Amino acid sequence: MKEEMSYIPLIANGVLSSLAFMLTIRAIPSVKDMFLKANLYGIDLSKRNQNKIPEAQGVVCGAVFLITMFLFIPVPFYKTFTEDPVKKFPHHEFVEFITALLSICCMVFLGFADDVLDLRWRHKLFLPTMASLPLLMVYFVNFNSTTIIVPKPLRVIFGFDVDIGFLYYIYMGMMAVFCTNAINILAGINGLEAGQSLVIALSVIAFNIAEINGDQWGYHVFSLYFMMPYASVSSALLVYNWYPSKVFVGDTFCYFSGMTFAVVAILGHFSKTMLLFFIPQIFNFLYSVPQLFRFVPCPRHRLPRYNADTNKLEMSYSRFKSHELGAIGRVCLKIFDIFKIVDIQYDIGEDGEYIQCNNLTIINLLLKVNGPTHEGTLTAILLFIQVLCSVLAFMIRYPLARVFYDVQHFSN
């Protein structure tokens, strides 16, 4: 007999999420001076003034989120304590819940360490991998399903499904790494990190609600348990991070956000759908690949350039000598130039030995298309694009999915 869903845990989670929002709203201004005294601050390079702004405020969101979830731990299992004392305790569900919190807690800690110690990029790739191991271990013990459904056009070749074995765990580990870093590389202007994360969270919540009456309702309820408190603390942070920013979110928030999304996608069995909500981040990653992998010389920061005279942001550029650009880098820039998505100049400088191209981020690409733009307006445009991509994701997930999948098999 199918177990009936109880709305009591969701209501309790909603109440705790509201309290988490109010606590975060109060906590962030309360701890600002503490961060300044500890020299955890940054200078907003896109403003005329050079005031010190508290950095790493994502740790406040992460702490409130974890406190909220710790208080919530007994609630989903209340029936085993009250209504039916003979009923067997669902240890597998409890372990999933605790392991999800463990992975998120690890990333909050490691993100704060990055904000304090300024870790190198190789560490940024390694740490999420380590934090995802408990998650993958629980998936192995509780599910160990490594079978993927083959799209309809390819079933003549591969059949209905394919068991990819250990490769599936590599995919999930890579997804955890991607989610944590995708938000981190699409950043640099007020409100963007918190804003894009909030749009993704609200998209996931909408998807969970749409699927809550289906056969896989348990997975979507699990996702809502995490997404509602996350959306609450993120929206509170966005209040202070919106232009003009009073606080910076730091790498802590990016790691915290990415791992939270990875947790619900993996344990909620909708990783493909989650990736659909990351369409701008995927495009930004692919566009950034030549610089991220050093095929094209990459500066320390790729922030847009601030013009104090106009109070607007303009494209930032990377300048390098011709011999520093390898064969792969030349091919990448040539392809980008064909599609008119890069501003590149050859033979510049006194001796004509330098090449200059805009830094390869979606922020600079938008500035190339739109021209110099006010920072607040630029953030609003980018978030509007994020919303449009979420609408596109739902169109792919539902109407277009029938072309490639039997819809009931597209949950993962």
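Residues numbered from 1 in each chain as written. Predicted model: local features only at pLDDT ≥ 70, side-chain atom pairs only at ≥ 80, totals over all residues. Heavy atoms only, no water.

Caption draft 1: Spatial organisation of the overall build of the protein chain. Secondary structure assignment for the protein chain yields 15 helices and 9 strands. Split into buried and exposed, the 412 residues of the protein chain put 51% on the buried side. When contacts within the protein chain are restricted to residue pairs at least 6 apart in sequence, long-range pairs at least 24 apart make up 75% of them. Accessible area for the protein chain stands at about 19,500 Å²; split by element, carbon and sulfur atoms hold 66% of it. Taking the average location of the 30 positive side-chain charges in the protein chain and that of its 29 negative ones, the two points are 3 Å from each other. (Helix = DSSP H or I, 4+ residues; strand = E, 2+ residues; numbered from the N terminus. Buried < 20%, exposed > 50% of the residue type's maximum accessible area, 1.4 Å probe, protein only. Contact = heavy atoms within 4.5 Å. Areas by Shrake-Rupley, 256 points an atom, 1.4 Å probe, with all protein chains shown as cover. Lys, Arg positive; Asp, Glu negative; His and termini not counted. Charge placed at Lys NZ, Arg CZ, Asp CG, Glu CD.)

Caption draft 2: Main features of the pairing of strand 8 (residues 344-348). Pairing between strand 8 and strand 9 (residues 354-358): 3 bridges, direction antiparallel. Pairing of Gln345 across the sheet is with Gln356, part of strand 9. Here strand 8 hands over to strand 9 after 5 residues, with Gly349 in that stretch at a positive phi of 95°. (Pairing = 2+ DSSP bridges.)

Caption draft 3: Spatial organisation of the nonpolar core. Grouped together as the largest cluster of nonpolar side chains are 82 residues, with contacts concentrated most on Phe226 and Met274. The element best represented in this core is helix 9 (residues 217-241), accounting for 13 residues. In terms of nonpolar packing, the next biggest core, distinct from the first, is built from 13 residues, Leu186, Ile189, Ile362 and Ile363 among them. (Core = buried A, V, L, I, M, F, W, Y, C linked by side-chain atoms within 4.5 Å.)

Caption draft 4: Focus on the sheet that holds strand 8. Within the open sheet, the 3 strands sit side by side as 7-9-8. Their pairing is antiparallel. Both outer strands of the open sheet, strand 7 (317-321) and strand 8, are each paired with one neighbouring strand and no more. On average, adjacent strands in this sheet sit at an angle of 20° to one another, irrespective of strand direction. Two strands pair when backbone bridges link them, and strand 7 and strand 9 are joined in this way by 5 bridges, in the antiparallel orientation. Bridging from a neighbouring strand, Tyr317 pairs with Asn358 of strand 9. (Axes fitted to C-alpha atoms, helices over the stretch in contact; angles between N-to-C directions.)

Caption draft 5: A look at the pattern of salt bridges. Evaluation of the coordinates by the stated rule reveals 4 salt bridges. For Asp44, the salt bridge goes to Lys47, with nearest N and O atoms at 2.8 Å. Here Asp44 matches Lys47 in class, with each residue buried. A salt bridge links Glu314 to Arg305, with the shortest nitrogen-to-oxygen separation between them at 2.2 Å. Overlapping salt bridges, with partners in common, bring together Asp44, Lys47 and Glu375 in one network. (Salt bridge = Lys/Arg side-chain N within 4 Å of Asp/Glu carboxyl O.)

Caption draft 6: A look at the packing of aromatic side chains. By the definition in use, this model includes 28 aromatic pairs. When the centroid spacing of 5.3 Å and the interplanar angle of 45° are considered together, the rings of Phe97 and Phe226 count as tilted. Pair noted here: Phe97 is in helix 4 (residues 91-117) and Phe226 is in helix 9, with a separation of 129 residues, a long-range link. The exposure class of Phe97 is buried, given its relative accessible area of 2%. (Phe/Tyr/Trp six-rings, centres within 6.5 Å; stacked < 30°, edge-to-face > 60°.)

Caption draft 7: Helix 12 (residues 279-292), seen in detail. The first and last C-alpha atoms of helix 12 sit 18 Å apart over 14 residues, in line with the 20 Å expected at 1.5 Å per residue. At Leu286, helix 12 shows its maximal kink, close to 35°; a proline, Pro290, follows between one and four residues later. Turning to helix 12, its buried residues are Pro280, Gln281, Asn284, Tyr287, Ser288, Val289, Pro290 and Gln291. Looking at the residues trailing helix 12, positive phi occurs at Arg294, about 65°. (Expected span 1.5 Å × (residues − 1). Bend = angle between axes of the 7 residues up to and from the residue.)

By themselves these figures say nothing about function.
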